[in-house]
Amino acid sequence: MADEPKVPPEGGASETPAKPAPAAGSPASASPQPAAAPPAKPAVPAKPAAPPAPKAPVKPDPWTSPLLDTLQKKFPGAVIEAVIFRNLPSVRVAKESLVPICEFLKSSEGGEYKLLTDHTAVDYPKREKRFDVIYHLYSFQRNDRLRVKVVLGENEKVPSVTGIWPTANWFEREVFDMFGIQYEGHPDLKRILMPDGWTGHPLRKDYDILRQDDNWVQSNLGIKSGQ
Amino acid sequence: MPEATFLDAGELVINMGPQHPATHGVLRVKLRLDGEKVLGSECVIGYLHRGVEKIAENRNYVQFAPYVDRMDYVAAVTNGMGYVETVEKLLGVELPPRAQYTRMILAELQRIASHLLWLGTHALDIGAMTPVFYTFREREEILKIFENYCGARLTTHAFRIGGLQYDLYDTFEKEVTKFCDYFLPKVDEYETLLTKNRIWLKRTKNVGVISADDAIAYGVTGPVLRGSGVKWDIRKAQPYEAYDKVEFDVPIGQNGDTYDRYLVRMEEMRQSVRIVRQCVDRIEPGPIMGKVGKVIKPPVGEVYHSIESPKGELGYFVVSDGSTHPYRVRVRPPSFVNLQALDIMIRGHLVADVVAIIGTLDIVLGEVDR
């Protein structure tokens, strides 16, 4: 089950990325999809999959905004990367300055990002620093969303933002539960969705569901396997 | 005879749930009490955790779509809509108007159905037996429309990435209009049962008050936030589908108590009918699918998209690594976040009010636990 996702279901179909052969004809004729379809019929079924992909690779653009300038002025060197993708700006900041930057963003000077909409993490086990810790903020005044991101290594701790947005409490507990990320200054950091005695953190990419599950059901439910 | 002892008058901790009829599912609340007064509480959740976000990583974009219906199972249409819209945003797909209006009609009908379920059970929790029969009667009509449209009543999986799978059936518009005509007077009927009912007023006025500032600090959204007087509705603030083309009002409350939230939801049902009527008028024959490939393979990137679900802001955060499977799907469930505010809302109230306040938050545990 764990290695299932790595095998693309349509084998050959999905192994044709944007650049190789099928793309050669299509970018010039981006619109006439029917024109691209007929030759595909006698050929390998790999080609119908190509038309949606052949456009130039979509990439986040660099984000420019007065708010970003203020941030860079106020916290020199803290903003590592600022991009915008699908209309949502994303700012990667240094871990040390996360709390001051969040405090600033919540203040009226920083755009009044009063609502912490969402907080979560993403695991990239192959990276040197494996976690992306992500905050989605919303400002009623600007009617605007902003993503703040911190990159975190395996055994690093991230400062808690519960002091700024009380709603972070459960979000951070959930991220701790699912990813095992430790928060500094969280009032009550414990599991929230998984049972207290659970081992491991399910949303890590290297999580082995079978083994963890068996341990738990054997000791708690008295049955051999949960599968 | 045992020797006479005085009962300890200190704090008492009692458990409410997880198998409590008024918690609408498997919610456990540990209440710290002084007599009958609530001093504090702690929610224990996770009984219904199914690992939806983990499942998403092991399915492709299309395969995962039916799973989202199982989170907020009383508002499956809006859940599905949030997910497909997020993937569409990632793909950069434009929808044809017919698909947009169909989605809006079904989503607003779902909002009515969800509010009806809330109204019936909330009133039942507080002790008004009658409304639940009426609200389920009307909800049934909506479920019939869903069933006619896509074959399912609850977990509908009504939409597909890029549009709709099914075009509308012939009598759809007629049935929807008929429902609207039939339903609008019924809202007044519910109001005659409750709005000026003295018992209802006693049980809901000044119960579970949350100020606008607290609501924002705790991330509360949806009718609960609007009940506290914050005029914020994602359909207005950041319109999706064609919500910027229809007219509707965003009702707000003043005191942020259970009664105001009740009034807000009642008015929202009327506004939903208004939206549905406009959509029915504007819907025209045309394509129902935008331009998407047979294999959904979004570009590398991260998107966050949220919609106004009946319960609040329902957000999806999808990370794509360029393959057919999402690298990560995060669901921002309104119920989970709103439930966190329960603690500050019940402090100082009586145990009986806890039931009223859980009801007024309108949580669905399937969505809290995912």
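In this text, all values refer to a predicted model and were calculated from it rather than measured experimentally.

Here is what the cut-offs are and how they apply
- Residues numbered from 1 in each chain as written.
- Chains lettered and ligands numbered in written order.
- Predicted model: local features only at pLDDT ≥ 70, side-chain atom pairs only at ≥ 80, totals over all residues.
- Pairing = 2+ DSSP bridges.
- Helix = DSSP H or I, 4+ residues; strand = E, 2+ residues; numbered from the N terminus.
- Axes fitted to C-alpha atoms, helices over the stretch in contact; angles between N-to-C directions.
- pLDDT = per-residue confidence, 0-100.
- Domains from an automatic or database assignment.
- Contact = placed C-beta atoms within 7 Å.
- Nonpolar A, V, L, I, M, F, W, Y, C, P; charged D, E, K, R; others polar.

What to know about the sheet that holds strand β6 (residues 301-309) of chain B
Residue and element names in this part refer to chain B. Spatially, three strands are ordered β6-β7-β8 in an open sheet, and the strand pairing comes out antiparallel. Each end of this open sheet is capped by a strand with a single partner; those strands are β6 and β8 (326-332). Going from strand to strand, the sheet's axes swing by 15° on average, the running direction of each strand aside. Sheet analysis places β6 next to strand β7 (residues 312-320), joined by nine bridges and oriented antiparallel. Across the sheet, the residue bridging to Val303 is Val318, located in β7.

Re the environment of A:Ser219
Assignment of secondary structure puts A:Ser219 in helix α6 (residues 209-220). Separated by 151 residues in sequence, A:Ser219 and A:Leu68 place their C-alpha atoms 52 Å apart.

So, the sheet that holds strand β2 (residues 28-34) of chain B
All names here are of chain B. Read across the open sheet, the three strands follow the order β1-β2-β3; overall the sheet is antiparallel. Sheet topology places β1 (12-16) and β3 (37-44) at the edges, where each strand pairs with a single neighbour. In this sheet, adjacent strand axes meet at a mean angle of 25° when their direction is disregarded. Of the strand pairs in this sheet, β2 and β3 are connected by seven bridges, and their pairing is antiparallel. Across the sheet, the residue bridging to Asp34 is Lys37, located in β3.

Observations regarding the confidence of the model for chain B
Residues at a pLDDT of 70 or more form 98% of chain B, whose mean pLDDT is 88. Confidence estimates for the predicted assembly give a pTM of 0.81 and an ipTM of 0.86.

A few points about the domain arrangement of chain A
Residues and elements named next belong to chain A. We note that the domain assignment places domain 1 (61-184) and domain 2 (195-227) within chain A. Averaged C-alpha coordinates put domain 1 and domain 2 at centres separated by 31 Å. In this complex, domain 1 contributes six residues to the contact, which on the side of domain 2 involves six residues. No other element matches the three residues that helix α5 (residues 168-179) contributes to the side of domain 1 that touches domain 2. Classifying every residue of the side of domain 1 that touches domain 2 gives three nonpolar, one polar and two charged.

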